[in-house]
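# Structural characterization, general
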Amino acid sequence: YHNTICSKIKELKPNIKIIAGGPSIKSSDPQQNFQDFPWIDVVIYGEGEEGFREFINDYYKTKTIKSNINTAIRGDNGTYKRFRYEDYPPYCVYEPYKKELKNHIEECKKAVDVAKARIFVSSESNRGCPYKCSFCDWNAGLHHKLSIRDEEVVFKDFNTISDAGGLIFLNDANFGILKRDEQ
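Rules of the game
Residues numbered from 1 in each chain as written. Predicted model: local features only at pLDDT ≥ 70, side-chain atom pairs only at ≥ 80, totals over all residues. Heavy atoms only, no water. Pairing = 2+ DSSP bridges. Helix = DSSP H or I, 4+ residues; strand = E, 2+ residues; numbered from the N terminus. Expected span 1.5 Å × (residues − 1). Buried < 20%, exposed > 50% of the residue type's maximum accessible area, 1.4 Å probe, protein only. Arc of directions from axis to C-beta. Contact = heavy atoms within 4.5 Å. Polar contact = N/O pair within 3.5 Å; in protein donor to acceptor, adjacent residues only side chain to side chain. Phe/Tyr/Trp six-rings, centres within 6.5 Å; stacked < 30°, edge-to-face > 60°. Patch = residues over 30% accessible without salt bridge, like charges linked within 9 Å, V, L, I, M, F, W, Y side chains within 5 Å. Areas by Shrake-Rupley, 256 points an atom, 1.4 Å probe, with all protein chains shown as cover. Salt bridge = Lys/Arg side-chain N within 4 Å of Asp/Glu carboxyl O.

Turning our attention to the sheet that holds strand 2 (residues 42-44). On the basis of which strands lie adjacent, the open sheet formed by three strands has the order 1-2-3 and mixed pairing. Either end of the sheet is taken by a strand with one partner, and the two such strands are strand 1 (19-20) and strand 3 (71-72). When strand 2 meets strand 3, the two strands line up antiparallel, connected through two bridges. The residue of strand 3 that forms the bridge with Ile44 is Thr71.

And the structure:
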C-alpha cells in the first residue's frame, strides 16, 4: 500500500518530499532503496533517532535536503552511526509528556468501542542482540551488541504509560536476556 500511495502522491505532487525509514529499508545498501522505491527522496536507515533529528534540524535551518548521520539521498549515503543509549544521559521518552499521552489515549478510546479498546504504546528497555546467528538480518553488523536503557527511566516510562491508561507494547527484540528483565 505504501508503494501505491507514495507513487500516486509523487505523480500528483512531484514537489512533495517523501522520507522513508523503518525495518523495510535496506541499511546495508541505502542506495538500493531509491531503485526499489523511486518515489523516495530521503532514506533514514539504521536507527533513526539521531539521523531523523539531524535531518529535521538541518532542513529547518537551511531549507535543503542533504545526507547526514544515517540519512541518505540519491548518490550519497551519509555516514552510519549506531544509536546507543549509553552515549546519552538517561532520558524518559514518555514521562515528560504524560499529560499529552493521557489525552491522546483518551481521544483514541473515544474513537472506538471503549469496552473493547486496548491502546498499546511502544517502549523498549534495550535494543540489539548479543548473538551472531548466521540466519538473522540483525547480524549485518548493525546490531550485534546490546544497548541498555537506564532502568530508572524505563520504569518511569512504563508507569507513565500505565497511568495514562495505555498498555505497554514492549518491542525489545531480546527481552528476558538481562537479569533485570525479571523485574
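With that out of the way, let us pick up helix 5 (residues 151-163). The terminal C-alpha atoms of helix 5 lie 18 Å apart, and with 13 residues this matches the ideal 18 Å at 1.5 Å per residue to within 8%. Within the span of helix 5, buried status applies to Val153, Val154, Asp157, Phe158, Thr160 and Ile161. Taken down its axis, helix 5 places every buried residue within 160 degrees of arc, on the same side. Structural note: helix 5 exposes Glu152 and Asp163 on the side pointing more than 90 degrees away from its buried face. In the core, the buried residues of helix 5 are packed alongside helix 4 (98-111), strand 4 (120-123) and strand 7 (167-170). Measuring from the backbone nitrogen of Glu152 back to the side-chain oxygen at the start of helix 5 gives 3.1 Å, which picks out Asp150 as the cap. Gly165 sits one or two positions beyond helix 5 and adopts a positive phi of about 95 degrees.

Turning next to the packing of aromatic side chains. Evaluation of the coordinates by the stated rule reveals seven aromatic pairs. With centroids separated by 5.4 Å and ring planes inclined at 20 degrees, the aromatic side chains of Phe83 and Tyr88 adopt a geometry described as stacked. In this structure Tyr88 comes out as partly exposed when scored by relative accessible area, which is 25%. Here the aromatic cluster, defined as three or more aromatic residues joined through ring pairs, consists of Phe83, Tyr85, Tyr88 and Tyr91.

With that settled, consider a nonpolar patch on the surface. Together, Tyr1, Ile5, Ile9 and Ile16 line one region of the surface with nonpolar side chains, adding up to about 460 Å² of accessible area. Within the secondary structure layout, Ile9 lies in helix 1 (residues 2-12). Residue Ile9 is classed as partly exposed on the basis of its relative accessible area, which comes to 32%.

Attention shifts here to the side chain of Asn68. With respect to the helices and strands, the residue Asn68 is situated in the loop between helix 3 (49-62) and strand 3. For Asn68, a relative accessible area of 19% gives the class buried. Those residues in contact with Asn68, other than ones at most four positions away along the chain, are Glu54, Asp58, Asn77, Gly78 and Thr79.

Assignment of secondary structure puts Thr79 in the loop between strand 3 and helix 4. Of the residues examined, Thr79 reaches a relative accessible area of 48% and is grouped as partly exposed. Sequence separation of Thr79 and Ile25 is 54 residues, and the distance between their C-alpha atoms is 16 Å. The contacts of Thr79, once residues within four sequence positions are left out, are Tyr45, Asn68, Ile69 and Asn70.

Now for the pairing of strand 4. Looking along a regular strand, one sees side chains alternate from face to face of the sheet. Of the two faces of strand 4, the one holding Val121 and Ser123 is buried and the one holding Phe120 and Ser122 is not buried anywhere. Relative to strand 7, strand 4 runs parallel, the two being bridged by four bridges. Bridge pairing in strand 7 links Ser123 to Leu170.

Below, the discussion takes up the environment of His2. Here His2 shows up in helix 1. Using a relative accessible area of 64% as the deciding quantity, one classes His2 as exposed. In the structure, His2 is positioned 35 residues away from Phe37 in sequence and 9.8 Å away in space, judged by C-alpha atoms. The contacts of His2, once residues within four sequence positions are left out, are Ser7 and Trp39.

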